[in-house]
Amino acid sequence: MARTLRVLVLMMGISCVAIGLGHVLLGNASIPGAGAAGTTIDSLGRFFGAIFAGYGLAWLWVARQRPIPATAVRWLAGVLLLGGAGRLLSLARHGWPHWFQVALTVIELALPPVYFWLADAEERVLAGRT
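In this report, we go over the structure that sits alongside the text. (Residues numbered from 1 in each chain as written. Predicted model: local features only at pLDDT ≥ 70, side-chain atom pairs only at ≥ 80, totals over all residues. Heavy atoms only, no water.)

Considering the overall build of the chain
Point 1. From N to C terminus, the chain includes five helices and zero strands.
Point 2. The principal-axis extents of the C-alpha atoms in the chain amount to approximately 55 × 30 × 20 Å.
Point 3. Counting every position in the chain, which comprises 130 residues, the buried fraction comes to 31%.
Point 4. Total accessible area computed for the chain in this model is approximately 7,900 Å², and 71% of it derives from carbon and sulfur atoms.
Point 5. Side-chain charges of the chain comprise 10 positive and 5 negative groups, with the mean position of each set lying 2 Å from the other. (Helix = DSSP H or I, 4+ residues; strand = E, 2+ residues; numbered from the N terminus. Buried < 20%, exposed > 50% of the residue type's maximum accessible area, 1.4 Å probe, protein only. Areas by Shrake-Rupley, 256 points an atom, 1.4 Å probe, with all protein chains shown as cover. Lys, Arg positive; Asp, Glu negative; His and termini not counted. Charge placed at Lys NZ, Arg CZ, Asp CG, Glu CD.)

Quick notes on the environment of tryptophan 117
Point 1. As for its position among the elements, tryptophan 117 is in helix H4 (residues 99-118).
Point 2. Considering only alpha carbons, one finds tryptophan 117 and alanine 70, 47 residues apart in sequence, at a separation of 9.8 Å.
Point 3. Not counting chain neighbours up to four residues away, the residues in contact with tryptophan 117 comprise Met1 and Arg124. (Contact = heavy atoms within 4.5 Å.)

Details of the nonpolar core
Point 1. Counting residues in each nonpolar core, the largest one holds 20 residues, and the members touching the most others are Leu5, Val9, Trp59, Val62, Val73 and Tyr115.
Point 2. The set of elements that each furnish at least two residues to this core consists of helix H1 (2-26), helix H2 (39-63), helix H3 (70-94) and H4.
Point 3. Each residue touching tyrosine 115, except ones within four places of it in the same chain, is listed here: Leu5, Leu8, Val9, Met12, Trp59, Val73 and Ala77. (Core = buried A, V, L, I, M, F, W, Y, C linked by side-chain atoms within 4.5 Å.)

Describing the environment of leucine 82
Point 1. With respect to the element layout, leucine 82 can be found in helix H3.
Point 2. Spatially, the C-alpha atom of leucine 82 lies 8.6 Å from that of leucine 109, the residues being 27 residues apart in sequence.

Concerning the environment of glutamate 108
Point 1. By the element assignment, glutamate 108 lies in helix H4.
Point 2. A relative accessible area of 12% places glutamate 108 in the buried class.
Point 3. When the C-alpha atoms of glutamate 108 and leucine 57 are compared, they prove to be 18 Å apart, with 51 residues separating the residues in sequence.
Point 4. Ignoring sequence-local partners within four residues, the contact set of glutamate 108 consists of Leu80, Leu81, Gly83, Gly84 and Arg87.

Considerations on the packing of aromatic side chains
Point 1. Summed over all chains, the structure comprises five aromatic pairs.
Point 2. Taken together, the ring pairs connect Phe52, Tyr55, Trp59 and Tyr115 into an aromatic cluster. (Phe/Tyr/Trp six-rings, centres within 6.5 Å; stacked < 30°, edge-to-face > 60°.)

What about the packing of H1 against H4?
Point 1. As a packed pair, H1 and H4 sit with axes 10 Å apart at the nearest point and diverge in direction by 135°. It follows that H1 is oblique to H4 by the angle criterion. Crossing of H1 over H4 shows left-handed handedness. On H4, the residues that touch Thr4, Leu5, Leu8, Val9 and Met12 of H1 are Leu111, Val114, Tyr115 and Leu118.
Point 2. Taken together, the residues that form the contact of H1 with H4 break down as eight nonpolar, one polar and no charged. (Axes fitted to C-alpha atoms, helices over the stretch in contact; angles between N-to-C directions. Parallel < 35°, antiparallel > 145°, perpendicular 65-115°, else oblique. Left-handed = near helix turned anticlockwise from the far one by under 90°. Nonpolar A, V, L, I, M, F, W, Y, C, P; charged D, E, K, R; others polar.)

This is how it looks when you write it as structure tokens:
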């Protein structure tokens, strides 16, 4: 379980940095189904892309710790869960988005419980508890 945690944390960090930088570089073109959303939304998307890249860097920082700190994993997973909840609110208010956004919602709601479950795996191994 400790190895699984380390791999998932590292992959989350790499993915978030790549996605965030993609949004910074491509603007509206990085959002499936967005079309020509205008300059205000383009600016907002690029800003949030930078924030998301920073979120990914936080995951990478956690991945470099020995042991991986359970509290940090839980906080970062909680942020991901909050993002998924935000998408659910949008769905309830405005209806179904582009299919890719639906897939992201599923990931954002499914992964946090896995992270919550695995969060202390390395700490338990180093403490001699498995």
